[in-house]
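These are the residues of each chain, in order.
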Amino acid sequence: MTRHYNFCAGPAALPEAVLERAKDELLDYQGRGLSVMEMSHRSPEFVAIAERAEQDLRDLLEIPANYRVLFLQGGATMQFAMVPYNLLGLGGTPNYLYTGIWAKKAIAEAQHLGGAHVAASSESNRLTAVPRPEDIELSSDAAYLHYTANETIGGLAFDYVPEPRSLGDSSVPVVCDMSSSILSAPIDVADYGVIYAGAQKNIGPAGLTVVIVRDDLLDRGRADMPSLFNYKTLAEAGSMVNTPPTYAWYLAGLVFQWLKHDVGGLANMGAINQRKASKLYSAIDNSGLYSNPIVPGNRSRMNVPFVLADDRLNQPFLDEAEAAGLLNLNGHRSVGGMRASLYNAVPEAAVDTLIAFMTDFEKRRG
Ligand SMILES: *Cc1c(COP(=O)(O)O)cnc(C)c1O
C-alpha cells in the first residue's frame, strides 16, 4: 500500500492515524460485534460516541456553555438557506460581506429567500484583499452579518473577525462560514452568533455539517421553515430529529481525538499550519515561475492558489506532480491554475516535498 500526499480542497486528506483506527474498529467496534455504521443512532454505544465527539469539539474550541453544537447533513450549502430561515423570523435585513465564490453563493440564497444587503465587497480589488472594518456599512435594520472566514477557491482569508461590536452595534450577531478553516487555529467562539462548517475539509469525511449556535438565537426562526431546518428543534433533539450521519460523526470524533492527543490542541495546530503556509508562499514569492495575487495579510493558510507564468506548463506540472505522488494540485474548475490545500491532516513533509518538486520543476522547465 502507498499513500500519496493529497492536496485536495475537499473532500480532503484525513489523518492517517484516524484512518488506521477506523480500520481497526470497522468490523467490530470495541468488542460489540458490529460496525459503528450498523448501529442504531439511539443505541447507548452510538450516543456515547456522539457525546464524546461533541465534548472533544467543545474542549478544542473552548465553546462556551451557552452555545449549542449541531451535527447535521446537507453541507455548508444547506446552511446558506438555514441561516436566513433561522435568523430572520423577527424581520430585518441579512447583511453579507462579499469576498469570493462561497460568499456569493451564500448571498444568492439569502436573496432568493427575501433579500440581502452587501455590507462590503472585495470586488473593487478583484478579490485580492478582504474589506477593512471601516469599509463595512451595515444596513440600519441588520439581522446579522455573514462572512466567509476563508474563501477556499480564491485563497482569501480574513485576518480579523468583522464583529459589529467594533462597528458600534452589539445587537447584530456575526455568522461565519468556517468550512475551510475551522480547527486550523484557536478562535474565540464568543465573537460569533453562528459558526458553520461542512466537515470534508478540516473535520472529517463528507456528509456531516457542524453548526455552533448561541442559544439566545434559537428563537428567531421564520414560521414557514421546514422543521428539519429548525436549529431549535435540532438542538432539542440532540441533532437526532431524523437519522444523523452516524459514521461521519464517529470519524469526526476520531479527528477531534487526534487533534487533542496527537497534535496537542489548536495552538499547536495553528503553529504548524502557519509554518506550512509560510514556507509555500515564500517559495512562490521567490520564484520566477509561480505567483499568487492575494495581499500578504489576507493569504489563506489552508488553500494556496498559484499560477504558472506560462499556461502551457500547467498540464506538465500536474502530470509530473502526480507521478511524484503529489495529488490534486489543480485549481478549482472556475478559476484554473493550481491550488494546494494544506488542511490540518496534510503533514509538513507533504509541503516540503511539494516545494522541492516545484523548485525542481522550475529549474527544468521554467
Ligand atoms: C466547501 C465549502 C462550501 C460548500 O460546502 P458543501 O459542504 O459542499 O456544501 C461552502 N463554503 C466554503 C467556505 C467551503 O469551503
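Residues numbered from 1 in each chain as written. Predicted model: local features only at pLDDT ≥ 70, side-chain atom pairs only at ≥ 80, totals over all residues. Heavy atoms only, no water.

Peer 1: In this structure, what is going on with the overall build of the protein? I would like to understand it.
Peer 2: The helix and strand inventory of the protein stands at nine helices and 14 strands. Its C-alpha atoms give the protein a radius of gyration of 21 Å, near enough to 21 Å, the size a compact globule of 366 residues would have. When its C-alpha atoms are laid out on the principal axes, the protein stretches across 60 × 60 × 30 Å. The buried share of the protein, reckoned over its 366 residues, is 54%. For the protein, the share of sequence-separated contacts (at least 6 apart) that also reach a separation of at least 24 residues comes to 69%. Both charge centroids of the protein, one from 30 positive and one from 41 negative side chains, sit 2 Å from each other. (Helix = DSSP H or I, 4+ residues; strand = E, 2+ residues; numbered from the N terminus. Rg over C-alpha atoms; globule rule 2.2 N^0.38 Å. Buried < 20%, exposed > 50% of the residue type's maximum accessible area, 1.4 Å probe, protein only. Contact = heavy atoms within 4.5 Å. Lys, Arg positive; Asp, Glu negative; His and termini not counted. Charge placed at Lys NZ, Arg CZ, Asp CG, Glu CD.)

Peer 1: For this particular structure, what's the right way to read the site of the ligand?
Peer 2: Residues in contact with the ligand amount to 13 residues; listed here are only the nearest, T77, T152, D177, Q200 and K201. Taking T152, its side chain carries an N or O atom lying 2.4 Å from an oxygen atom of the ligand. For the ligand, an oxygen atom lies 2.7 Å from a polar atom in the side chain of K201. Protein coverage of the free-state accessible area of the ligand, which is 390 Å², stands at 87%. (Near = heavy atom within 4 Å. Polar contact = N/O pair within 3.5 Å; in protein donor to acceptor, adjacent residues only side chain to side chain. Areas by Shrake-Rupley, 256 points an atom, 1.4 Å probe, with all protein chains shown as cover.)

Peer 1: I tried to follow helix α4 (residues 101-112) on my own but got confused; where do I start?
Peer 2: An α-helical segment advances 3.6 residues per turn. Residues three or four places apart therefore align on the same side. Between its first and last C-alpha atoms α4 spans 17 Å; for twelve residues at 1.5 Å apiece the expected length is 16 Å, and the two agree. The secondary structure elements touched by the buried residues of α4 are α3 (75-87), β3 (93-98), β4 (117-121), β5 (142-148) and β6 (150-151). (Expected span 1.5 Å × (residues − 1).)

Peer 1: I would appreciate a short explanation of helix α1 (residues 16-25) in the present structure.
Peer 2: Of the residues making up α1, those classed as buried are V18, A22 and E25. The buried residues of α1 occupy an angular sector of 70 degrees when the element is viewed end-on, so they sit on one face. Structural note: α1 exposes K23 and D24 on the side pointing more than 90 degrees away from its buried face. In this structure, the buried side of α1 is in contact with α6 (246-263). (Arc of directions from axis to C-beta.)

Peer 1: Got a minute to help me understand the domain arrangement of the protein in this structure?
Peer 2: When the parts come together, some accessible area is lost, and that loss is often what is quoted as the size of the interface. Along its sequence, the protein is organised into domain 1 (17-262) and domain 2 (265-365). For domain 1 versus domain 2, the distance between C-alpha centres works out to 27 Å. Domain 1 puts 27 residues into the contact, and the matching count from domain 2 is 24 residues. In total, about 1900 Å² of surface goes out of reach between domain 1 and domain 2, with carbon and sulfur atoms giving 58% of it. Counting the surface domain 1 buries against domain 2, the share from its top three residues, T128, I153 and G155, is 25%. Counting every contact that joins domain 1 to domain 2 gives zero salt bridges. Where domain 1 meets domain 2, there are 13 residue pairs in polar contact (both at pLDDT 80 or more). Those elements that place two or more of their residues in the side of domain 1 that touches domain 2 are α2 (44-61), β7 (156-157) and α6. By residue number, the principal contributor to the side of domain 1 that touches domain 2 is α6, which donates three residues. (Domains from an automatic or database assignment. Buried area = accessible area lost by both parts, 1.4 Å probe. Salt bridge = Lys/Arg side-chain N within 4 Å of Asp/Glu carboxyl O.)

Peer 1: Explain the pattern of salt bridges to me, please; I cannot follow it from the model alone.
Peer 2: For side chains bearing opposite charge, pairing can occur when the charged atoms are close. Scanning the entire structure with this criterion turns up 20 salt bridges. Measuring nitrogen to oxygen at the nearest pair gives 2.6 Å for the salt bridge that ties R214 to D216. Salt bridges here are not isolated pairs; linked through shared partners, they connect R52, D56, D59 and K260.

Peer 1: Could you clarify how one ought to interpret the sheet that holds β5 in this entry?
Peer 2: Sheet strands associate in pairs through backbone hydrogen bonding, adopting either a parallel or an antiparallel arrangement. Taken together, the seven strands give an open sheet; going across it, the order is β2-β10-β9-β8-β5-β3-β4, and neighbouring strands pair in mixed fashion. On the outer flanks of this sheet lie β2 (67-72) and β4, each paired with one strand and no other. Between one strand axis and the next, the sheet turns through 15 degrees on average, direction left out of account. Pairing geometry for strand β9 (residues 194-198) and strand β10 (residues 209-214), over five bridges, is antiparallel. Within β10, the residue paired with G198 across the bridge is T209. Sheet contacts for α2: β2 and β10; angle to β2, the most-contacted strand, approximately 130 degrees. Against the sheet, α4 touches β3, β4, β5 and β8 (174-177), its axis set at about 160 degrees to β3. (Pairing = 2+ DSSP bridges. Axes fitted to C-alpha atoms, helices over the stretch in contact; angles between N-to-C directions.)

Peer 1: Just checking my understanding: could you explain the sheet that holds strand β14 (residues 338-341) for this structure?
Peer 2: Pairing is antiparallel in the open sheet, where three strands are placed in the order β11-β12-β14. In this open sheet, the two strands that pair with only one neighbour each are β11 (290-291) and β14. The strands that helix α7 (residues 266-285) touches are β11, β12 (303-308) and β14; relative to β12, the one it contacts most, it runs at about 15 degrees.

Peer 1: I tried to follow the packing of aromatic side chains on my own but got confused; where do I start?
Peer 2: Geometry of an aromatic ring pair is reported as the spacing of the ring centres plus the angle between the planes. Enumeration according to the criterion identifies 16 aromatic pairs in this entry. When the centroid spacing of 5.6 Å and the interplanar angle of 75 degrees are considered together, the rings of Y85 and F229 count as edge-to-face. Of the two residues, Y85 sits in helix α3 while F229 sits in the loop between β10 and α5 (231-236), which places them 144 residues apart along the sequence. For the pair formed by Y85 and F229, the shared burial category is buried. Geometrically, the ring pair formed by F317 and F361 is edge-to-face, given 5.3 Å between the ring centres and 85 degrees between the ring planes. One end of the pair, F317, is in helix α8 (residues 314-323); the other, F361, is in helix α9 (residues 348-365), with 44 residues separating them in the sequence. A relative accessible area of 0% places F317 in the buried class. (Phe/Tyr/Trp six-rings, centres within 6.5 Å; stacked < 30°, edge-to-face > 60°.)

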